[in-house]
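Descriptive analysis of the structure
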Amino acid sequence: MSYVQNVLSKVKEKDGGQPEFIQAVTEVLGTLEPVFAKHPEYEKAALLERLVEPERVIMFRVPWVDDNGAVHVNRGMRVQFNSAIGPYKGGLRFHPSVNLGIIKFLGFEQVFKNSLTGTPIGGGKGGSDFDPKGKSDNEVMRFCQSFMAELYRHIGADTDVPAGDIGVGAREIGYLFGMYKKIRNEYSGILTGKGLEYGGSLARKEATGYGLVYFMKEVIEAKGKSFKDATVVVSGSGNVAIYATEKAQSYGAKVVAMSDSNGYIYDPNGIRLDVVKEIKEVRRGRIKEYADIVKGAEYTEGCKGIWTVKCDIALPCATQNELDEESAKILVKNGVYAVGEGANMPTTIEGTEVFQSSGVLFAPGKAANAGGVATSALEMTQNSMRLPWTFEEVDEKLHQIMINIYKQCEQASTEYGFKDNFVAGANIAGFQKVANAMMAQGIV
Ligand SMILES: NC(=O)c1ccc[n+]([C@@H]2O[C@H](COP(=O)([O-])OP(=O)(O)OC[C@H]3O[C@@H](n4cnc5c(N)ncnc54)[C@H](O)[C@@H]3O)[C@@H](O)[C@H]2O)c1
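Just so it is clear, the structure is predicted and the values come from calculations on it, not from any experiment.

On a plain count of helices and strands, the chain comes out with 18 helices and 12 strands. Compactness check: the chain gives a C-alpha radius of gyration of 21 Å against a globular reference of 22 Å for 444 residues, within 12% of the reference. If you line up the chain on its principal axes, its C-alpha atoms span 60 × 60 × 45 Å. Looking at the chain residue by residue over its 444 residues, the buried ones come to 52%. Taking the intrachain contacts of the chain between residues at least 6 apart in sequence as the baseline, contacts between residues at least 24 apart amount to 74%.

Taken in spatial order, the seven strands of this open sheet run 9-8-7-6-10-11-12, and their pairing is mixed. Lying at the two open borders of the sheet, with one neighbouring strand each, are strand 9 (298-301) and strand 12 (361-363). Within this sheet the neighbouring strands show an average axis-to-axis angle of 15 degrees, counted without direction. Across four bridges, the pairing between strand 8 (residues 263-266) and strand 9 is antiparallel. Bridging from a neighbouring strand, tyrosine 264 pairs with threonine 300 of strand 9. On top of the sheet, helix 9 (residues 204-221) reaches strand 10 (313-316), strand 11 (338-340) and strand 12; it is set at about 150 degrees to strand 11, its chief contact.

Phe215, Met216, Val232, Ala244, Ala363 and Ala367 are the most contacted members of the largest nonpolar core, which has 135 residues in total. For this core, the two domains that each supply at least three residues are domain 1 (54-187) and domain 2 (205-368). Discounting chain neighbours no more than four positions away, the residues touching phenylalanine 215 are Gly340, Ala363, Ala367, Ala368, Met402, Ile405 and Tyr406.

What follows deals with the pairing of strand 3 (residues 88-94). Counting buried positions over the seven residues of strand 3 gives seven, a clear majority of the element. Two strands pair when backbone bridges link them, and strand 3 and strand 5 (residues 160-163) are joined in this way by four bridges, in the parallel orientation. Bridged to glycine 91 within strand 5 is alanine 163. Of the strand pairs in this sheet, strand 3 and strand 4 (residues 123-128) are connected by three bridges, and their pairing is parallel. Bridged to phenylalanine 94 within strand 4 is serine 128. Note on the crossover from strand 3 through helix 6 (residues 100-116) to strand 4: the handedness is right-handed.

Next up on the list: the packing of helix 10 (residues 239-250) against helix 11 (residues 273-282). Across the interface, helix 10 lies against helix 11 with an axial gap of 11 Å and an inter-helix angle of 165 degrees. The orientation of helix 10 with respect to helix 11, classified from their angle, is roughly antiparallel. As helix 10 runs across helix 11, the sense of the crossing is left-handed. Contacts between helix 10 and helix 11 pair Ile242, Thr245, Glu246 and Gln249 from the former with Leu273, Val276, Lys277 and Lys280 from the latter.

For the chain, the domain assignment lists domain 1 (54-187) and domain 2 (205-368). Taking only C-alpha atoms, the centre of domain 1 and the centre of domain 2 are 27 Å apart. Listed by partner, the interface residues are eight residues for domain 1 and six residues for domain 2. Looking at the side of domain 1 that touches domain 2, its residues break down into five nonpolar, one polar and two charged.

A few words now on helix 9. An ideal rise of 1.5 Å per residue puts 26 Å on 18 residues; helix 9 measures up with 25 Å between its terminal C-alpha atoms. A bend of about 30 degrees at tyrosine 210 is the largest found in helix 9. By the criterion of burial, helix 9 is predominantly enclosed, with 16 of the 18 residues buried.

Once that is clear, we can look at the site of the ligand. Close to the ligand lie 24 residues, the nearest being Gly238, Asp260, Cys303, Ala318 and Gly372. Counting residues per element, the shell around the ligand draws most heavily on helix 10, which supplies three residues. Each of domain 1 (54-187) and domain 2 (205-368) gives at least three residues to the shell around the ligand.

Here we come to the packing of helix 6 against helix 18 (residues 422-440). Packing of helix 6 against helix 18 brings their axes to within 8 Å, and their N-to-C directions diverge by 85 degrees. Our classification of the angle between helix 6 and helix 18 gives roughly perpendicular. Contact with helix 6, carried on its side by Val111, Phe112, Lys113, Ser115 and Leu116, involves Ala426, Asn427, Ala429, Gly430, Phe431, Lys433 and Val434 of helix 18 and no other residues of that element. Along the lines of polarity and charge, the residues of the contact of helix 6 with helix 18 split into seven nonpolar, three polar and two charged.

This next bit is on helix 1 (residues 3-14). Side chains three or four residues apart in an α-helix point the same way, a direct result of the helix having 3.6 residues per turn. Between its first and last C-alpha atoms helix 1 spans 17 Å; for 12 residues at 1.5 Å apiece the expected length is 16 Å, and the two agree. Considered for burial, the residues of helix 1 that qualify are Val4, Val7, Leu8 and Val11. Down the axis of helix 1, the smallest arc covering the buried residues is 100 degrees, so these residues share one side. Facing away from the buried side of helix 1 by over 90 degrees, the exposed positions are Gln5, Ser9 and Glu13. Where helix 1 is buried, its residues touch helix 2 (19-29), helix 3 (33-38) and helix 5 (47-51).

Here, UniProt's "active site" (unreviewed entry) annotation points to Lys125. Topologically, lysine 125 is positioned in strand 4.

The next point concerns the sheet that holds strand 4. Taken together, five strands build an open sheet; the order of strands is 1-2-4-3-5 and the sheet is mixed. Each edge of the sheet is formed by a strand with only one pairing partner; in this case those strands are strand 1 (56-65) and strand 5. Averaged over all neighbouring strand pairs, the angle between strand axes comes to 20 degrees, with direction disregarded. Of the strands in this sheet, strand 2 (71-82), strand 3 and strand 4 are in contact with helix 6, which crosses strand 4 at around 150 degrees.

How each quantity is defined
- All residue numbers refer to position in the chain's written sequence, counted from 1.
- Totals for whole chains, interfaces and linings use every residue, but because this is a predicted model, local features are given only for residues with pLDDT of at least 70 and side-chain atom pairs only at 80 or more, for both listing and counting.
- Runs of E in the DSSP output that reach at least two residues are strands. Runs of H or I that reach at least four are helices, and both are numbered from the N terminus.
- Put simply, the radius of gyration uses C-alpha atoms, and a globule should come to 2.2 Å times the residue count raised to 0.38.
- The burial criterion counts other C-beta atoms lying within 10 Å of a residue's C-beta, which is placed from the backbone; the residue is buried at 20 or more, exposed at 12 or fewer, and partly exposed between these limits.
- With C-beta atoms placed from the backbone, a contact is any residue pair whose C-beta atoms sit within 7 Å.
- Pairing between strands requires that DSSP locate at least two bridges from one strand to the other.
- Convention adopted: a line fitted to C-alpha atoms gives each axis, helices being fitted over their contacting stretch, and angles between N-to-C directions are expressed from 0 to 180 degrees.
- Think of a nonpolar core as buried Ala, Val, Leu, Ile, Met, Phe, Trp, Tyr and Cys residues, each tied to the set through C-beta atoms within 7 Å.
- For each domain, the first and last residues come from an automatic or database assignment.
- Looking down the strands as they point away from you, a crossover is right-handed if its path from the first strand over the helix to the second goes clockwise.
- Roughly parallel means an angle under 35 degrees; roughly antiparallel, over 145; roughly perpendicular, 65 to 115; everything else is oblique.
- Crossings are classed by handedness, with left-handed meaning an anticlockwise turn of the near helix from the far one by less than a right angle and right-handed meaning a clockwise turn.
- When residues are grouped by polarity, Ala, Val, Leu, Ile, Met, Phe, Trp, Tyr, Cys and Pro land in nonpolar, Asp, Glu, Lys and Arg in charged, and all others, Gly among them, in polar.
- Given the number of residues in a helix, its expected span is that number minus one, multiplied by 1.5 Å.
- The angle between axes fitted to the seven residues ending at a residue and the seven residues starting there is what we call the bend at that residue.
- Using the backbone to place each C-beta atom, any residue with that atom within 6 Å of a molecule or strand is considered near it.
- When we speak of the arc, we mean the arc of directions from the helix axis to the C-beta atoms.
- UniProt positions are given in the numbering used here, feature names are shortened, and annotations may be inferred rather than shown by experiment.

Structure below.
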């Protein structure tokens, strides 16, 4: 058994109850064999064993009181996965599905993604099984305050800088930041995704979606294709989905479908993003309402059906494992030629294999959606300088970062004999920098 396989089987044994984490480790390690063949010194330093073990896992109780005076208790956690190249950085997710395995998978992915951005940030992730859906603003505030009353001792501008993720948007970041400042009496950039009035960065909101499209532009243009007049399907209708749609439309693409966790809308005339933004960003409603407002649009219950909509480019931007083998086969049959992951690990391993074996250009999330965290790093830079950049400055830097990530993936995949395999390219390029830093820093 090879060193890589050996470590993988140990992870499966030790973390058997964490399927998403095992999936993420399997996917990454599966592409690293040639790197270890070239670098036997990594095995001697037990590099992989160290890489798959978080540096620190913090788990804590989050008690809070609802508007009726009832007491609730949720579980909070922060996984500080790897700080070889910078302070831990990664989002907080508030969703009932959150458990340690999911947060570890996200933290593990984050290590490589952050490395790819070329900015000095390590990998971490956190969250809670709290569900903000249906809660009042005051309930969300009390929850966030209780969450930060514990988290504050573990984070810091040079230690760990969390951000938003599913269920953690501008409102939650504001409440979390306010509580940190009150407890510490310190005004520093301990969270990103902040409001513009208190240290946030212009273009952060747009960054993940825009970055995804910047990355896919490089991928498809290298093959002589273009977003102009391409038919695009975007799953989700949250932060990533909305701004991926906006940028794709600005390049002349026709986005015909979007979804939420209940179902999807199909609009043959092209999605009207102003309506989606009104429903999702202002009213916090359901995507279903779109079909009541826009003539000619249809709503279908069940979110998986979105992958039956014929398209040239698919951008899964909702959640993990939303695109499985069956859906991948339908997309291929319908002529999809490129898939770019806006969400983290939205495609199952089997789904990815379908795309790769069918010659579909497949861009994994850790490269394609890295624009969000890259811009968070730019927010950290602006906070340290105490000087904000304009929207155009940030957007230009983001665009350049995405082009660089594409180039790194391209070079690494070609160097190791995986041409056009962006999964291998992203894993190898992301890994290499972290591995070199870990080797330089000794056994820690
Ligand atoms: N926001 C960022 O900057 C960022 C950066 C990198 C990666 N991501 C990843 O992108 C994904 C989306 O994040 P977001 O920030 O847009 O979250 P969000 O909460 O703003 O939106 C998530 C959207 O997905 C929908 N959804 C949930 N489950 C679904 C399903 N099974 N099918 C269809 N739709 C479903 C929700 O209704 C919502 O519209 C997550 O995987 C997240 O980890 C986000």
